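Structural overview for review
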Amino acid sequence: MTRNLLSLTPTPKGILQINERSPVHLHPLFSLVIPTYNERQTIEPLIGKLSHLLDSSIPDDYELIVVDDNSPDETWDVALQLTAVYPHLKVMRRDGENGLSSAVVRGWQVAQGQILGVIDADLQHPPTVLLELLQAALHGADLAVASRHVEGGGVSEWSIARRSLSRGAQVLGLIVLPDVVGRVSDPMSGYFVVQRAAIANQSLNPKGYKILLEVLGRGSIQQIAEVGYVFQERTEGESKVTWRHYLDYVQHLIRLRWHRRFPQTLFKFPIGRFVRFAVVGFSGVFVDYAVFYLLFNQAGFSLNVSNVLSAETAIFNNFLWNDAWTFSDLAQRQLGWQARGKRFLKFNLICLAGLLLNTAMVNVLVRVFGVNVYLAKFVAIALVTIWNFGVNLKLSWRVTDVQR
Ligand code: GDD
Ligand code: MN
């Protein structure tokens with residue numbers, strides 16, 4: 001069929017804001033946006049899978065909206081041809097404005113559904129998970145996220161480097177925006193559904209790839225559900241992620257931090273738990289100093305070896321006390337040796353990162369500023385305690401406020 005017989009969906013202009021729709025007009029139930037850039041090989045199989053899945057679960061009550069940024073491989077045209085076969089498919093071809101997260105918002109702006117969703121076009125997000133996400137939304141979740149970091153989740157053959165980058169981005173997010181990034185186990189996910197009412201009438205200002213951050217940071221999200229999924233390997237085309245997207249991510253975090261002004265955590269800071277954590281940390285100082293004294297002054301080990309071994313002994317001591325006292329309520333919700341082992345591993349990694357910070361601070365204070373070695377250790381321990389508490393609370397003992 002020639003192109004002009006098939007019509008593209010006009011691209012909204014102006015502010016990125018989704019209007020609310022009165023319940024009587026909320027048809028179809030579900031609108032799924034598929035952002036595309038050079039995905040001509042996978043868009044057809046994806047549309048076929050999604051249509052088959054949704055025709056069998058919510059027939060005639062959904063729409064698929066491809067939002068293409070004028071792909072050089074003309075993905076928009078392949079999708080447009082498909083509208084002759086799939087009646088619930090719409091295609092938007094943007095020219096001038098680009099970027100993954102703004103593409104998703106533009107798609108949601110033309111969407112008519114009560115529940116809005118997003119999925120990647122490259123078949124790395126298994127379409128079958130969509131039904132579980134929809135079920136969670138229909139059972140009251142404001143937001144249902146496909147997560148790689150809960151039971152049933154995972155990444156296929158990601159390299160250690162990519163895993164560390166993804167986790168590193170998450171830790172950075174936990175530091176800058178703990179009250180947003182800490183609410184879900186996979187804040188980097190680009191596969192989720194959200195109630196329209198939760199994000200309507202909010203002027204959105206996303207940057208880069210992480211549209212979920214924008215929804216969590218600006219939406220009114222109370223109840224969150226998570227569904228585990230395994231992020232698939234790409235079979236066609238390649239990822240568009242470049243170093244610029246990591247810069248965008250940092251800018252997006254800062255923009256959302258500013259938007260949210262006073263960190264909610266300042267007012268809800270768990271002071272009681274922090275005091276317990278600090279008491280445990282203090283007990284760890286005695287263990288640290290005692291072992292350090294034995295190794296450094298008695299056994300004649302070097303400064304760094306004594307510092308690392310004594311600190312590691314203190315970390316083990318602290319984990320036992322924190323798991324049994326400081327975070328016992330959270331630990332009770334994650335029983336079993338495997339869960340406990342995972343917590344210890346994360347606790348250890350975070351404390352080791354803290355130990356690196358500690359060692360760097362001790363060396364700078366002692367070697368650059370000539371500070372007394374014991375005073376330098378004390379200052380380093382105090383600052384690293386705050387780091388350890390915040391990141392452990394949100395990563396090691398995290399029980400995100402979600403239902404599984
Ligand atoms: N319209 C539009 N404009 N779509 C884009 C753009 C863009 O500038 N850049 C990427 N996309 C589309 C791709 O076509 C694909 O459908 C999807 O967004 C994800 O892009 P990838 O380049 O494949 O990202 P990835 O595989 O590294 O996935 C990472 O980012 C995704 C999006 O946040 C992972 O973090 C995924 O979990 C996440 O879904
Ligand atoms: Mn991908």
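For clarity, every value in this text was computed on a predicted model and none was experimentally measured.

This part covers the overall build of the protein chain. Counting its regular elements, the protein chain contains 15 helices and 12 strands. Each principal axis of the C-alpha distribution contributes one length, and for the protein chain these read about 85 × 40 × 35 Å. The burial tally for the protein chain puts 50% of its 404 residues in the buried class. A separation threshold of at least 6 residues defines the contact pool for the protein chain, and within that pool the share at least 24 residues apart is 81%. Surface accessibility of the protein chain: about 18900 Å² in total, with carbon and sulfur atoms responsible for 62%. If you average the places of the 38 positive and of the 33 negative side-chain charges in the protein chain, the two averages end up 9 Å apart.

Right, let's get into the environment of Thr359. Inspection of the secondary structure puts Thr359 in helix α14 (residues 337-368). With 313 residues separating them along the chain, Thr359 and Leu46 place their C-alpha atoms 51 Å apart. Sequence-distant contacts of Thr359, that is, excluding residues within four places in its chain, are made with Asn304 and Asn307.

Relative orientation of the contacting elements helix α5 (residues 160-176) and helix α9 (residues 243-259) amounts to 20°, with a least axis distance of 10 Å. With respect to α9, the element α5 is oriented roughly parallel. Helix-helix and strand crossings are classified by hand; for α5 and α9 the assignment is right-handed. Listed contacts from α9 to Leu165, Ala169, Gln170, Leu172, Gly173 and Val176 of α5 are Tyr246, Tyr249, Val250, Leu253 and Arg257. Grouping the constituent residues of the contact of α5 with α9 by class yields eight nonpolar, two polar and one charged.

Looking now at unusual backbone geometry. Despite not being glycine, Asn38 has its phi angle at roughly 55°, a positive value. When you line up the elements, Asn38 lands in the loop between β2 (30-36) and α1 (40-57). The class of Asn38 is partly exposed, set by a relative accessible area of 25%.

On to the pairing of strand β3 (residues 62-68), then. By the criterion of burial, β3 is predominantly enclosed, with seven of the seven residues buried. Residues of β3 alternate between two faces, with Tyr62, Leu64, Val66 and Asp68 on one and Glu63, Ile65 and Val67 on the opposite face, all of them buried. Bridging between β2 and β3 involves seven bridges; their strand directions are parallel. Residue Ser31 lies in a different strand from β3, and its bridge partner there is Glu63.

Cut-offs used in this document
- Residues numbered from 1 in each chain as written.
- Chains lettered and ligands numbered in written order.
- Predicted model: local features only at pLDDT ≥ 70, side-chain atom pairs only at ≥ 80, totals over all residues.
- Heavy atoms only, no water.
- Helix = DSSP H or I, 4+ residues; strand = E, 2+ residues; numbered from the N terminus.
- Buried < 20%, exposed > 50% of the residue type's maximum accessible area, 1.4 Å probe, protein only.
- Contact = heavy atoms within 4.5 Å.
- Areas by Shrake-Rupley, 256 points an atom, 1.4 Å probe, with all protein chains shown as cover.
- Lys, Arg positive; Asp, Glu negative; His and termini not counted.
- Charge placed at Lys NZ, Arg CZ, Asp CG, Glu CD.
- Axes fitted to C-alpha atoms, helices over the stretch in contact; angles between N-to-C directions.
- Parallel < 35°, antiparallel > 145°, perpendicular 65-115°, else oblique.
- Left-handed = near helix turned anticlockwise from the far one by under 90°.
- Nonpolar A, V, L, I, M, F, W, Y, C, P; charged D, E, K, R; others polar.
- Pairing = 2+ DSSP bridges.

This is a description of form; function is not addressed.
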